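# Coordinate analysis (summary)
One letter stands for each residue in the lines below.
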Amino acid sequence: LPAELGELVLLQRLCFAGNMLSALPAELSRLTNLVELRMDHNQLQALPASLSTLTLLHTLTLADNRVPIIPAEFGLISTITTLAIHDNPLVMPPKDIAARPT
């Protein structure tokens, strides 16, 4: 993904599902108005901890990737109501996330 994507600061919804992406640029953390981020069905192997700055995020879908660890910083995103992380080789979700009520 181009770094210029981070300049779309008014963007609220972003879907790059099914695009064979292997990494996410740190510049996504500048999209602080995002409420929905859909990145499922890619080949992501890691998630930038900087995405924890997306404090308006309600929906985060990362299903069917290659992510082994969800950064503990994601526990700071208190607005998430939908989190899809199935079909990833997760070692263990961080305690901050696993302890959240559903």
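As a reminder, the structure under discussion sits directly above these lines.
A brief structural summary. Just so we're clear, the structure is a prediction, and the values are computed from it rather than from any experiment.

Right, let's get into the overall build of the protein chain. When you go through the protein chain residue by residue, the secondary structure sums to one helix and four strands. Secondary structure elements of the protein chain, listed N to C terminal, follow the sequence β-β-β-β-α. The buried share of the protein chain, reckoned over its 102 residues, is 39%. Considering only contacts in the protein chain between residues 6 or more positions apart, those separated by 24 or more positions represent 26%.

This part takes up the nonpolar core. By size, the foremost hydrophobic cluster in this structure holds 22 residues, and its most contacted members are Leu14, Leu28, Leu37, Met39, Leu44, Leu47 and Leu57. Here Leu57 is in contact with Leu34, Val35, Glu36, Leu37, Ile77, Thr79 and Ile80, once residues within four sequence places are set aside.

Basis of the calculations
Residues numbered from 1 in each chain as written. Predicted model: local features only at pLDDT ≥ 70, side-chain atom pairs only at ≥ 80, totals over all residues. Heavy atoms only, no water. Helix = DSSP H or I, 4+ residues; strand = E, 2+ residues; numbered from the N terminus. Buried < 20%, exposed > 50% of the residue type's maximum accessible area, 1.4 Å probe, protein only. Contact = heavy atoms within 4.5 Å. Core = buried A, V, L, I, M, F, W, Y, C linked by side-chain atoms within 4.5 Å.

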